[in-house]
Amino acid sequence: MKIIKNILAAIGLICVSCLFIFAVQTDKTDSDNTVSDKEVIEAPKLINDYNVYALSVPDHLDFAGEAMPLEDPDILERMDRELLVNTYWQSNGLLMFKRAEKYFPIIEPILKKHGIPEDFKYLAVIESGLTNAVSPAGARGVWQIMPATGRENGLEVNKNVDERYHLEMATEVACKYLLKSKENLGSWTLAAAAYNAGNAGVSNRLRDQAVDDYYDLLLGEETGRYLFRIVALKEILSHPKKYGFNFTAQDLYKPIPTYKVEVDTAVTDFTKFAQRYGINYKILKIHNPWLREPKLNNSSRKKYVIEIPKEGYYSTKP
């Protein structure tokens, strides 16, 4: 019995000792893991690491040649927010670089033709991510055009054909809207804001608040962030390395060369139509997303131009 008591006492002593040693090691580990501000600042940055760093807002930023008043602390903080959000949304950022290579060459010459600053291509980026997006309010396509705006500017918008999904035609409509907004509101910055909030909406806010500049307006969340998001995407897409985006030219999406086929009659079956040109229905729709149904009614005998990809770019069989 005495031997058993001695054994139990020894076991208890060992357990207490282990707990004490563990507590001391834990305290030491916690202390060792504490990083000082100096260590954060002076630590060398690693390639492919997962650290998060504060960003420096550039001393000068502008939209369409109109400077942002970054000396205003409110403006500086709002710009800092959009740079951080869009820099550290890495997957989305890389997709924007990839898609921009494919779609900017289509958008840029149309903007130039209408005398609209090239910076407006970044408006399309924040509107849709350069995709044929669909909004809850009913806007469609890369430029997020509402049905009434499309029809007012000559686009066909119905269940069979929706030309808001036609990038060139939609860009033309966006240009008309922006030129009218610039004429009404007096600056490109306000014209861009009006693309989000409407000409009347921006005009009313300017009048009610007795100011004449976007950056002096108190606005709702979406329109209040709108210009800052555009400028953030402009800054990031213009300086990928500065914001930590690494890719090669081969990582970017390339436009597929096409040729045009004119159609001025109804098409009863686009699957058979596509097969005649060596492609399938899926490929036809990729290049002509404005064709909303597998047939074309065309009772008015309107002339449509359908894009057909040149041979050799797709491996799919018709």
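Sequence order as written defines the numbering, with residues in each chain counted from 1. Owing to the predicted nature of the model, reporting of local features is limited to residues with pLDDT of at least 70; listing and counting of side-chain atom pairs is limited to 80 or more, with chain, interface and lining totals taken over all residues. Excluding hydrogens and water, the side-chain figures rest on all heavy atoms present in the structure.

Undergrad: Quick question: what am I supposed to make of the overall build of the protein here?
TA: Helix and strand assignments follow DSSP, with helices taken as H or I runs no shorter than four residues and strands as E runs no shorter than two, numbered in order from the N terminus. Helices and strands together make up the secondary structure of the protein, namely 12 helices and 4 strands. Three labels apply to residues, based on accessible area from a 1.4 Å probe with only protein chains included: buried if under 20% of the type maximum, exposed if over 50%, partly exposed otherwise in between. Evaluated residue by residue, the protein yields a buried proportion of 38% over its 318 residues. A contact between two residues is defined here by any heavy atoms of the two lying within 4.5 Å. For the protein, the share of sequence-separated contacts (at least 6 apart) that also reach a separation of at least 24 residues comes to 62%. Calculation of accessible area relied on Shrake-Rupley with a 1.4 Å probe; when residues are assessed, cover is drawn exclusively from the protein chains displayed. In the structure as shown, the protein presents an accessible area of about 18,900 Å², 55% of it carried by carbon and sulfur atoms.

Undergrad: Teacher, can you tell me more about the packing of helix α5 (residues 121-128) against helix α10 (residues 221-238) here?
TA: Pairs of packed helices are described in terms of their axes, by the angle between the two and the distance that separates them. Axis definition: a line fit to C-alpha positions, over the contact stretch in the case of helices; interaxial angles, taken between N-to-C directions, run 0 to 180 degrees. Their axes nearest at 9 Å, the elements α5 and α10 cross at an angle of 110°. It follows from the interaxial angle that α5 and α10 lie roughly perpendicular. Every pair of crossing elements has a handedness; the one defined by α5 and α10 is right-handed. Together, Tyr-122, Leu-123, Val-125, Ile-126 and Glu-127 of α5 and Tyr-226, Arg-229, Ile-230, Leu-233, Lys-234, Leu-237 and Ser-238 of α10 make up the contact between the two elements. Polarity classes work like this: nonpolar for Ala, Val, Leu, Ile, Met, Phe, Trp, Tyr, Cys and Pro, charged for Asp, Glu, Lys and Arg, and polar for all others, with Gly in that last group. Residues belonging to the contact of α5 with α10 are distributed by class as follows: 8 nonpolar, 1 polar and 3 charged. Comment on the angle field: the value is read as roughly parallel under 35 degrees, roughly antiparallel over 145, roughly perpendicular from 65 to 115, and oblique elsewhere. It is the rotation of the near helix from the far one that decides the hand of a crossing: anticlockwise by less than a right angle makes it left-handed, clockwise makes it right-handed.

Undergrad: When you look at the confidence of the model for the protein in this model, what are you seeing that I'm missing?
TA: Parts of the model with low pLDDT should not have their predicted coordinates read in detail. Averaged over every residue, the pLDDT of the protein is 90; residues scoring 70 or more account for 84%. Note on residues 16-33: pLDDT under 50 across the span, and 0 contacts to partners over four residues away in sequence or across chains. By definition, pLDDT measures how confident the predictor is in each residue, and it falls between 0 and 100.

Undergrad: How do you make sense of the side chain of Arg-164 when you look at a structure like this?
TA: Positionally, Arg-164 belongs in the loop between α6 (147-152) and α7 (167-185). According to the relative accessible area criterion, Arg-164 is buried, its value standing at 4%. Two N or O atoms form a polar contact when they lie within 3.5 Å of each other; inside protein one atom must be a possible hydrogen donor and the other a possible acceptor, and for residues adjacent in sequence the pair counts only when both atoms belong to side chains. Only 2.9 Å separates the side chain of Arg-164 from the backbone oxygen of Ile-145, close enough to count as a polar contact. If near-sequence neighbours (up to four positions away) are discounted, Arg-164 is found in contact with Gly-138, Ala-139, Arg-140, Gly-141, Ile-145, Met-146, Pro-147, Leu-155, Val-157 and Ala-170.

Undergrad: Help me out: how do you make sense of the environment of Lys-234 in this one?
TA: Mapped onto the fold, Lys-234 is located in helix α10. Residues in contact with Lys-234, not counting those within four places in the same chain, are Asp-62, Asp-119 and Tyr-122.

Undergrad: How do you make sense of the nonpolar core when you look at a structure like this?
TA: One broad rule of soluble globular proteins: the nonpolar side chains tend to lie buried together. To form a nonpolar core, buried Ala, Val, Leu, Ile, Met, Phe, Trp, Tyr and Cys residues must be joined to one another through side-chain atoms within 4.5 Å. Residues Phe-63, Met-68, Met-79, Phe-120, Trp-143 and Tyr-214 are the most contacted members of the largest nonpolar core, which totals 61 residues. Mapped by element, the contributors of at least two residues to this core are α3 (73-87), α4 (90-113), α5, α7, α8 (188-197), α9 (199-209) and α10. Looking at this core element by element, the count peaks at 9 residues for α10. If near-sequence neighbours (up to four positions away) are discounted, Phe-63 is found in contact with Asp-119, Phe-120, Trp-188, Thr-189, Ala-192, Leu-227, Ile-230 and Val-231. Counting residues in hydrophobic clusters, the runner-up holds 17 residues, among them Val-161, Val-261, Ile-279 and Leu-284.

Undergrad: How do you make sense of the side chain of Ser-135 when you look at a structure like this?
TA: Turning to its location among the elements, Ser-135 is positioned in the loop between α5 and α6. For Ser-135, a relative accessible area of 18% gives the class buried. Those residues in contact with Ser-135 that lie beyond four places of it in its chain are Arg-140 and Gln-144.

Undergrad: For this particular structure, what's the right way to read the pattern of salt bridges?
TA: Two side chains of opposite charge can pair, provided their charged atoms sit close to one another. Each salt bridge in this description consists of a side-chain nitrogen of Lys or Arg and a carboxyl oxygen of Asp or Glu lying within 4 Å of one another. Here the structure, examined in full by the defined rule, presents 16 salt bridges. Note that Arg-225 and Glu-82 form a salt bridge whose closest N and O atoms lie 2.6 Å from each other. Note that Arg-225 is positioned in helix α10 and Glu-82 in helix α3, a separation of 143 residues in sequence. The exposure class of Arg-225 is partly exposed, given its relative accessible area of 21%. The exposure class of Glu-82 is buried, given its relative accessible area of 2%.

Undergrad: Which parts of the structure should I look at to understand the packing of aromatic side chains?
TA: How two aromatic rings sit relative to each other is given by the distance of their centres and the angle of their planes. Only Phe, Tyr and Trp rings are paired, with Trp represented by its six-membered ring, and only when their centres lie within 6.5 Å; those with planes under 30 degrees apart are stacked, over 60 edge-to-face, the remainder tilted. Counting across every chain of the model gives 13 aromatic pairs. Ring plane angle 15° and centroid distance 5.8 Å describe the contact between Trp-290 and Tyr-304, whose orientation is recorded as stacked. Here the residue Trp-290 occupies a position in the loop between α12 (281-287) and β4 (304-309), and Tyr-304 occupies one in strand β4, the gap between them amounting to 14 residues. Two conditions define a charge located above a ring, namely a distance within 6 Å from the ring centre to NZ of Lys or CZ of Arg, and an angle within 35 degrees of the ring normal. Over the ring of Tyr-165 we find Arg-292; its NZ or CZ atom is 3.9 Å from the centre of that ring.

Undergrad: Please explain a negative patch on the surface as it appears in this structure.
TA: Patch membership is restricted to residues that have no salt bridge and whose relative accessible area is over 30%. Joining uses 9 Å for like charges and 5 Å for the nonpolar side chains Val, Leu, Ile, Met, Phe, Trp and Tyr. Just so you know, the count uses Lys and Arg for positive and Asp and Glu for negative, and it drops His and the chain ends. Throughout, a charge is located at the NZ atom of Lys, the CZ atom of Arg, the CG atom of Asp or the CD atom of Glu. There is a patch of like negative charges on the surface, built from Glu-71, Asp-72, Asp-212 and Asp-216. Secondary-structure assignment places Glu-71 in the loop between β2 (66-67) and α3.

Undergrad: What should I look at first to understand α9 in this one?
TA: Structurally, the α-helix is built with 3.6 residues per turn, so residues lying three or four positions apart point the same way. Within α9, burial applies to Asn-199, Val-202 and Leu-206. Around the axis of α9, the buried residues are gathered within 75° of arc, so they sit on the same side. Turned more than 90 degrees away from the buried face of α9 sit Arg-207 and Asp-208, all of them exposed. As for α9, its buried residues are in contact with α7 and α8. Throughout, the arc means that of the directions going from the helix axis to the C-beta atoms.

Undergrad: I tried to follow the packing of α4 against α5 on my own but got confused; where do I start?
TA: One can describe the packing of α4 onto α5 by two numbers: an axis separation of 9 Å at closest approach and a directional angle of 130°. It follows that α4 is oblique to α5 by the angle criterion. Pair α4 / α5 crosses with right-handed handedness. Facing α4, whose interface residues are Met-96, Phe-104, Ile-107, Glu-108 and Leu-111, α5 presents Lys-121, Tyr-122, Ala-124 and Val-125. Split by residue class, the contact of α4 with α5 holds 7 nonpolar, no polar and 2 charged.

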